[in-house]
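For reference, the chains in residue letters:
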Amino acid sequence: MTGSTGTGSLPRYILQRILLVIPMIWVILTLVFVILRVAPGDPVSAALGGKLDEEALDERRAALGFDRPLIEQYWDYLVSVMKLDFGTTFSDNQPILHVVRDNGGATLSLTVVAFLIALLVGIPLGLVAGRYRDSVPDVAIRLFGILTYAAPIFFVGFLLQAYVAAPLGLPTSGAASPRTVFTVEPTTHILLIDVFLSGDGAAIEDVLLHLVLPACTLGLLICGVFIRLVRVNILQTMQADYVEAAEARGLDRRKVTWRHAFRNALVPVVTVIGLQFALLLGGAVLTESTFNWPGLGKKLVDYINERDYGAVQGIVTLFAVAVVLISVLVDVVNALIDPRVRY
Amino acid sequence: MTQPELDPVLEAEFQPDVTGDGPVISARDVRVWYGTTRGAIRAVDGVSFDLAPGETLGLVGESGCGKSTLGRGLMGLLPAGAKRDGEVRFRGEDVLTMSPRDAHRLRGSQLGMIFQEPMTRLNPLLRVSAHFEEAIRQHEPKLPKREVTQRALDALRMMGIPPTRYRSYPHEFSGGMRQRLMIALALVLRPAFIVADEPTTALDVLVEAQIVQILNDLRRDFRTSLLLITHNVGIVAEACDRVAVMYAGRIVEQGRVADVFAAPQHPYTRELLRSTISLRTTGLNFIPGSPPDLIDPPPGCRFAPRCPQAMAVCATTDPITIERPGGGQVECWAVGPTDLIPAGGTARLQQEELAVADEA
């Protein structure tokens, strides 16, 4: 702990954290594998049973390797995941990576934009509410936070569709109009980025307008979490001993508030951002259904309804890996901000 | 900030008004209230004292007597809802009535503060260097960067912290080192007056001795005036020129340490000294009862209900501040002035009755 070299080495911490990802992902892969095998019936009969005769089903099982010993299947699964091959869907025989590529972009852009809205609205409101505790703005902001957090997504979605979309002329369904979908070159397969790459003004406007309602619905929901979290943290740091000590050194109010109270209050927020983001990747399902958003969440629901185990296994694996990577990112960002974490 | 070098006999004779440059801090009838739903708590209730350049005044008293509140009141660091009144002059300027902007400017550069808990007083996210640099920049924005660093390193060196630790984070220091960091931070701008609020309470005895030594060196080297708040009578004897004994929001006795400790006039001072634990202590002494409710304190002397020498007059009439025999002030009817005690006032006070009445 002592000595001038004592400041925890950041690169070493990051390396440790990244190495820890390997066992975490291994555990997740194993869980996904086991859960899907434990479920009654095998994937092929679940997906295609009744549609094909027994012989054809056996053929399918053999082709997909379901007739081999479990341990071999498990090994194959791990090896193929390591090769970034997440398998194919059974129902429409598509590589999972393509499914994710074509639908993940919509989910990602919806989640990221919703998050930006939540942070841009939630953090400042939380700061104001905490700084001016028990004032009229504080009460109003707290009420707003509770309402947005407590209201179900589909309810807020319907309200926005019914009362906001029409007067403003906003689209209420889909990610873009058909014209845009067909004219924009899928360079990155993320429509939001492709449309900007295409430089087509009308298409950009079209995509952004489609994004407004779903992103606001999702953003408002998360923003309630941030309002409350930031407010509570501000209340705590404003009372902190080091804030009083900074005041005793004659620092002006603004500097004390920004450098000592706000900055420190935002540390726990980073952790929660990570958790919420992970939650949202999967939780966008409701928003996507409400707004008919062509995202991965909606696709996953479709595949589950079709009992497409291959698709579910592949998509869930990818989701899990994404969540693990986000949690590592959060840890690294935390270490950058808070020196005490680096040990 | 330079001060004219005065006669070298700093520690010996403290006659604030005679030395020529007057007291650094002069407090008159200072009061601090905390508003609560039950009414105002009169935490500090009419306190007066002077502090000459280079002088250390020890402020002692039991927990809750208003010591820390007085220290914070002088610094202007009271929480929202607290009110203060009276007069605190820093070099002749009234700190309590000056504009908030001027008061802010004084804080840190002229009035410094050292706190009780060094572990939590530094921002864990900021390097030690950032603490120093923001403090120096706040008060001397035009100072070049090299100069800022130099000053910070000088302050650290004085506290025995090597320059290699300048870029470290607070959590990389031990408690004693953090307190030295806090002192260095308070000193870096050479304030003329420092409030040290129980600076050694959270530290072990060896570190405590070290910090007391550092505080002792301060007044010798920089003529810093110090208000040393403590409940440790030993530290007062060791590090202070004068001592003020506080009870229930009032200074009941003050004077030169040697005088007060050799011949305490106020019964509370006497009891406090008797309660001090030393290696020769064989039995523990304590004062029965507890301090009065400060929301609506009983009339008369606040110590009367617990005082072994209480007289009838003590429960009815506020004692008058008088000169102590041997210098300083004391407020106690047992000391005087006898000619103002009404007839029959010297009768022994029935304390049990009073305690019951108090509780009712």
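What counts and what doesn't
Residues numbered from 1 in each chain as written. Chains lettered and ligands numbered in written order. Predicted model: local features only at pLDDT ≥ 70, side-chain atom pairs only at ≥ 80, totals over all residues. Heavy atoms only, no water. Helix = DSSP H or I, 4+ residues; strand = E, 2+ residues; numbered from the N terminus. Rg over C-alpha atoms; globule rule 2.2 N^0.38 Å. Buried < 20%, exposed > 50% of the residue type's maximum accessible area, 1.4 Å probe, protein only. Contact = heavy atoms within 4.5 Å. Areas by Shrake-Rupley, 256 points an atom, 1.4 Å probe, with all protein chains shown as cover. Lys, Arg positive; Asp, Glu negative; His and termini not counted. Charge placed at Lys NZ, Arg CZ, Asp CG, Glu CD. Salt bridge = Lys/Arg side-chain N within 4 Å of Asp/Glu carboxyl O. Pairing = 2+ DSSP bridges. Axes fitted to C-alpha atoms, helices over the stretch in contact; angles between N-to-C directions. Core = buried A, V, L, I, M, F, W, Y, C linked by side-chain atoms within 4.5 Å. Domains from an automatic or database assignment. UniProt positions renumbered as here; feature names shortened; annotations may be inferred. Buried area = accessible area lost by both parts, 1.4 Å probe. Polar contact = N/O pair within 3.5 Å; in protein donor to acceptor, adjacent residues only side chain to side chain. Nonpolar A, V, L, I, M, F, W, Y, C, P; charged D, E, K, R; others polar. Patch = residues over 30% accessible without salt bridge, like charges linked within 9 Å, V, L, I, M, F, W, Y side chains within 5 Å.

S.K.: Break down the overall build of chain B for me, citing the residues and quoting the values.
M.R.: The helix and strand inventory of chain B stands at ten helices and twelve strands. Since a compact globule built from 360 residues should have a radius of gyration of about 21 Å, the 22 Å found for chain B is in line with a globular shape. Dimensions along the principal axes, computed over C-alpha positions, put chain B at roughly 70 × 45 × 45 Å. The buried share among the 360 residues of chain B stands at 55%. Counted over contacts in chain B with a minimum sequence separation of 6, partners at least 24 positions apart contribute 66%. Only carbon and sulfur atoms are counted for the fraction: they give 53% of the accessible area of chain B, which is about 16,100 Å². Across chain B, 39 positive and 44 negative side-chain charges occur, with their mean positions spaced 7 Å apart.

S.K.: Got a sec to walk through the pattern of salt bridges? Specific residues and values, please.
M.R.: Opposite charge on two side chains lets them pair, provided their charged atoms get close. Residues and elements named next belong to chain A. Taken as a whole and judged by the stated rule, the model has 36 salt bridges over all chains. Arg133 serves as the salt-bridge partner of Asp134, at 3.9 Å between the closest nitrogen and oxygen. Residue classification places Arg133 among the partly exposed positions, given a relative accessible area of 49%. Between Asp338 and Arg340 there is a salt bridge whose closest N-O contact spans 3.0 Å. Judged by its relative accessible area of 42%, Arg340 is partly exposed.

S.K.: Explain the pairing of strand 4 (residues 82–90) of chain B to me, using residue names and the numbers behind them.
M.R.: Residue and element names in this part refer to chain B. Of the pairings in the sheet, the one linking strand 1 (residues 25–36) to strand 4 comprises eight bridges and is antiparallel in character. Its bridge partner lying in strand 4, Ile25 is registered against Phe90. Pairing of strand 4 with strand 5 (residues 93–94), which is carried by two bridges, proceeds in the antiparallel orientation. By the bridge assignment for strand 5, Arg89 is matched with Asp94. Between the antiparallel neighbours strand 4 and strand 5 lie two residues, among them Arg91 with a positive phi of about 50 degrees.

S.K.: Quick one: what's the story with the sheet that holds strand 7 (residues 193–197) of chain B, residue by residue and with numbers?
M.R.: All names here are of chain B. Ordered in space as 6-7-8-3-9-10-12-11, the eight strands form an open sheet in which the pairing is mixed. Edge strands, defined here as strands with exactly one partner in the open sheet, are strand 6 (111–114) and strand 11 (321–323). Each adjacent strand pair in this sheet contributes to an overall mean axis angle of 20 degrees, direction not counted. Two elements, strand 3 (residues 56–60) and strand 9 (residues 242–247), share four bridges in a ladder whose sense is parallel. In the sheet register, Leu57 faces strand 9, and the bridge partner there is Arg242.

S.K.: Can you explain the nonpolar core? Please cite residues and give values.
M.R.: Residue and element names in this part refer to chain B. Ranked by size, the top nonpolar core spans 102 residues in total, and within it Ile25, Phe49, Leu70, Phe90, Phe132 and Phe193 carry the most contacts. Per-element accounting of this core gives the leading share, eight residues, to helix 5 (residues 175–187). If you count residues domain by domain, this core takes at least three from each of domain 1 (23–247) and domain 2 (264–356). Discounting residues that sit within four places of it in the chain, Leu70 has contacts with Val30, Val44, Val47, Phe49, Leu59 and Met246.

S.K.: Could you give an account of the UniProt feature "transmembrane region" (unreviewed entry) in chain A, with specific residues and numbers?
M.R.: Those residues carrying the UniProt feature "transmembrane region" (unreviewed entry) are residues 18–39, 108–129, 141–164, 207–230, 265–286 and 315–337 of chain A in this numbering. Taken end to end, residues 108–129 of chain A comprises 100% helix and 0% strand; its first and last C-alpha atoms sit 30 Å apart.

S.K.: Lay out the interface of chain A and chain B in plain terms, naming residues and giving numbers.
M.R.: Each partner contributes to the interface: chain A provides 29 residues, whereas chain B provides 30 residues. Together chain A and chain B conceal approximately 2,700 Å² of surface at their shared face, both sides included; 52% is due to carbon and sulfur atoms. Three residues stand out in chain A for area buried against chain B, namely Glu244, Ala248 and Arg249 of chain A, and they jointly supply 23% of the buried area on that side. Put simply, chain A and chain B have five salt bridges between them. A salt bridge links Asp241 of chain A to Arg121 of chain B; its shortest N-O distance comes to 3.8 Å. Between chain A and chain B we count 16 residue pairs in polar contact (both at pLDDT 80 or more) in total. Of all the secondary-structure elements, those providing two or more residues to the side of chain A that touches chain B are helix 11 (241–248) and helix 12 (253–265) of chain A. Considering only residue class, the side of chain A that touches chain B consists of nine nonpolar, eight polar and twelve charged.

S.K.: Describe the domain arrangement of chain B, with residues and values.
M.R.: Residues and elements named next belong to chain B. The assigned domain composition of chain B is domain 1 (23–247) and domain 2 (264–356). Each of domain 1 and domain 2 has a C-alpha centre, and the two are 31 Å apart. Interface area for domain 1 against domain 2, summed over the two sides, is near 1,300 Å², with a carbon-plus-sulfur share of 60%. Inspection of the domain 1/domain 2 interface yields three salt bridges. A salt bridge links Arg38 to Asp293; its shortest N-O distance comes to 3.0 Å. Counting across the interface, domain 1 meets domain 2 through six residue pairs in polar contact (both at pLDDT 80 or more). Of all the secondary structure elements, the ones that give two or more residues to the side of domain 1 that touches domain 2 are strand 2 (39–51) and strand 9.

S.K.: Hey, could you go over the sheet that holds strand 2 of chain B for me, with residue numbers and the actual values?
M.R.: Residue and element names in this part refer to chain B. The four strands are arranged 2-1-4-5 in an open sheet whose pairing can be described as antiparallel. Unpaired on one side and paired on the other, strand 2 and strand 5 mark the two borders of the sheet. Strands in contact with helix 1 (residues 67–75) are strand 1, strand 2 and strand 4; relative to strand 2, the strand with the most contacts, it is inclined by about 70 degrees.

S.K.: Lay out a nonpolar patch on the surface in plain terms, naming residues and giving numbers.
M.R.: Residue and element names in this part refer to chain A. The grouping of Phe154, Phe155, Phe158, Leu159, Tyr163 and Leu286 at the surface amounts to a nonpolar patch, some 650 Å² of accessible area in total. Within the secondary structure, Tyr163 sits in helix 7 (residues 153–168). A relative accessible area of 63% places Tyr163 in the exposed class.

S.K.: Break down the side chain of Glu198 of chain B for me, with residues and values.
M.R.: Residues and elements named next belong to chain B. Mapped onto the elements, Glu198 comes out in the loop between strand 7 and helix 6 (205–222). Accessibility expressed as a relative area gives 8% for Glu198, which makes it buried. Within the structure, the side chain of Glu198 is placed 3.2 Å from the side chain of His231, a separation counted as a polar contact. When near neighbours in sequence (up to four residues on either side) are disregarded, Glu198 contacts Lys67, Phe115, Gln116, Ile229, Thr230 and His231.

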